[in-house]
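Tertiary structure, described
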Amino acid sequence: QVQLVESGGGLVQPGGSLRLSCVASGRIFNIYTMGWYRQVPGNARDLVATIISGGGTDYADSVKGRFTISRDNGKNTVFLQMNGLKPEDTAVYYCNARISTPTIGDYWGQGTQVTVSS
(Lines give C-alpha, C1' and ligand atoms only; values in the text may rest on other atoms or scores of the structure.)
Protein backbone atom coordinates (compact mmCIF):
# COMPACT_ATOMS: atom_id res chain seq x y z
CA GLN A 1 0.00 0.00 0.00
CA VAL A 2 1.38 3.38 -1.03
CA GLN A 3 0.22 6.69 0.43
CA LEU A 4 0.92 10.27 -0.58
CA VAL A 5 0.27 12.88 2.10
CA GLU A 6 0.33 16.59 1.27
CA SER A 7 0.76 19.50 3.65
CA GLY A 8 1.34 23.25 3.54
CA GLY A 9 -1.84 24.64 2.00
CA GLY A 10 -3.76 27.55 3.44
CA LEU A 11 -4.94 31.13 2.99
CA VAL A 12 -2.49 33.73 1.72
CA GLN A 13 -2.76 37.27 0.41
CA PRO A 14 -1.96 38.09 -3.22
CA GLY A 15 1.78 38.36 -3.70
CA GLY A 16 2.44 36.01 -0.81
CA SER A 17 4.18 32.64 -0.68
CA LEU A 18 3.39 29.08 0.36
CA ARG A 19 5.40 25.87 0.33
CA LEU A 20 3.64 22.58 -0.27
CA SER A 21 5.14 19.23 0.72
CA CYS A 22 4.18 15.68 -0.22
CA VAL A 23 5.62 12.55 1.36
CA ALA A 24 5.28 9.10 -0.19
CA SER A 25 5.25 6.09 2.12
CA GLY A 26 4.61 2.37 1.96
CA ARG A 27 6.08 -0.50 -0.04
CA ILE A 28 8.12 1.59 -2.48
CA PHE A 29 10.78 0.17 -4.76
CA ASN A 30 11.41 3.28 -6.82
CA ILE A 31 9.80 6.67 -7.48
CA TYR A 32 9.97 8.04 -11.00
CA THR A 33 8.17 11.27 -11.87
CA MET A 34 6.63 13.33 -9.08
CA GLY A 35 4.39 16.30 -9.67
CA TRP A 36 1.75 18.75 -8.60
CA TYR A 37 -1.64 19.30 -10.18
CA ARG A 38 -4.47 21.63 -9.26
CA GLN A 39 -8.22 21.66 -9.67
CA VAL A 40 -10.99 24.18 -9.18
CA PRO A 41 -14.64 23.06 -8.92
CA GLY A 42 -16.14 22.31 -12.31
CA ASN A 43 -12.80 22.20 -14.08
CA ALA A 44 -10.36 19.46 -15.03
CA ARG A 45 -7.29 18.72 -12.95
CA ASP A 46 -4.41 20.66 -14.53
CA LEU A 47 -0.68 20.09 -14.45
CA VAL A 48 1.30 22.62 -12.39
CA ALA A 49 4.80 21.15 -12.35
CA THR A 50 6.64 17.83 -12.61
CA ILE A 51 10.11 16.62 -11.69
CA ILE A 52 11.86 13.42 -12.70
CA SER A 53 14.18 11.42 -10.45
CA GLY A 54 17.24 13.01 -12.08
CA GLY A 55 15.96 16.50 -11.32
CA GLY A 56 14.62 17.65 -14.68
CA THR A 57 11.55 19.85 -14.33
CA ASP A 58 8.57 21.04 -16.34
CA TYR A 59 6.08 23.81 -15.54
CA ALA A 60 2.75 25.09 -16.73
CA ASP A 61 3.21 28.43 -18.50
CA SER A 62 0.98 30.14 -15.93
CA VAL A 63 3.40 29.40 -13.06
CA LYS A 64 6.81 29.69 -14.75
CA GLY A 65 9.06 32.09 -12.88
CA ARG A 66 6.86 32.01 -9.76
CA PHE A 67 6.73 28.35 -8.68
CA THR A 68 9.64 25.98 -8.09
CA ILE A 69 9.34 22.20 -7.78
CA SER A 70 12.03 20.17 -6.01
CA ARG A 71 12.40 16.75 -4.44
CA ASP A 72 14.35 14.91 -1.77
CA ASN A 73 14.81 11.39 -3.10
CA GLY A 74 16.16 10.12 0.21
CA LYS A 75 12.95 11.16 1.96
CA ASN A 76 10.52 10.32 -0.87
CA THR A 77 9.33 13.92 -0.73
CA VAL A 78 8.38 16.51 -3.34
CA PHE A 79 8.00 20.22 -2.67
CA LEU A 80 6.31 23.11 -4.45
CA GLN A 81 7.53 26.59 -3.52
CA MET A 82 4.91 29.09 -4.65
CA ASN A 83 5.87 32.77 -4.76
CA GLY A 84 4.01 35.75 -6.15
CA LEU A 85 0.68 34.03 -5.62
CA LYS A 86 -2.34 35.34 -7.50
CA PRO A 87 -6.08 34.86 -6.87
CA GLU A 88 -6.22 32.64 -9.97
CA ASP A 89 -3.85 30.21 -8.24
CA THR A 90 -6.67 29.34 -5.83
CA ALA A 91 -7.39 25.62 -6.15
CA VAL A 92 -7.02 22.24 -4.50
CA TYR A 93 -3.45 21.10 -5.12
CA TYR A 94 -2.79 17.38 -5.58
CA CYS A 95 0.50 15.50 -5.39
CA ASN A 96 1.12 12.75 -7.94
CA ALA A 97 3.86 10.17 -8.19
CA ARG A 98 4.71 7.27 -10.48
CA ILE A 99 5.93 4.51 -8.17
CA SER A 100 7.07 0.92 -8.55
CA THR A 101 6.01 -1.53 -5.82
CA PRO A 102 7.47 -3.26 -7.99
CA THR A 103 4.40 -2.93 -10.22
CA ILE A 104 4.41 0.57 -11.68
CA GLY A 105 1.40 2.73 -10.91
CA ASP A 106 0.29 6.34 -10.56
CA TYR A 107 -0.66 7.49 -7.08
CA TRP A 108 -2.44 10.62 -5.82
CA GLY A 109 -2.59 12.47 -2.54
CA GLN A 110 -5.82 13.64 -0.94
CA GLY A 111 -5.30 17.27 -1.95
CA THR A 112 -4.61 20.46 -0.03
CA GLN A 113 -6.54 23.72 -0.44
CA VAL A 114 -4.67 26.87 -1.47
CA THR A 115 -6.67 30.10 -1.30
CA VAL A 116 -5.23 33.41 -2.47
CA SER A 117 -7.38 36.30 -1.32
CA SER A 118 -7.14 39.66 0.36
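Values in this document were obtained by computation on a predicted structure and should not be read as measured data. (Residues numbered from 1 in each chain as written. Predicted model: local features only at pLDDT ≥ 70, side-chain atom pairs only at ≥ 80, totals over all residues. Heavy atoms only, no water.)

Moving on, we get to the sheet that holds strand β3 (residues 18-26). Read across the sheet, four strands follow the order β1-β3-β8-β7 without closing on themselves; strand pairing throughout is antiparallel. In this open sheet, the two strands that pair with only one neighbour each are β1 (2-7) and β7 (67-72). Neighbour to neighbour, the strand axes of the sheet diverge by 15 degrees on average, direction disregarded. Relative to strand β8 (residues 77-82), β3 runs antiparallel, the two being bridged by six bridges. Residue pairing for β8: Arg-19 is matched across the bridge by Gln-81. (Pairing = 2+ DSSP bridges. Helix = DSSP H or I, 4+ residues; strand = E, 2+ residues; numbered from the N terminus. Axes fitted to C-alpha atoms, helices over the stretch in contact; angles between N-to-C directions.)

Quick look at the pairing of strand β5 (residues 46-51) now. Sheet topology note: the strand β4 (residues 30-39)/β5 ladder contains five bridges and is antiparallel. If you follow Gly-35 over to β5, its bridge partner there is Thr-50. Pairing analysis gives three bridges linking β5 to strand β6 (residues 57-59), with the strands arranged antiparallel. Bridge assignment links Ile-51 to a residue of β6, and that residue is Thr-57. In sequence, β5 turns back onto β6 through a hairpin of five residues, with Gly-55 there showing a positive phi of about 105 degrees.

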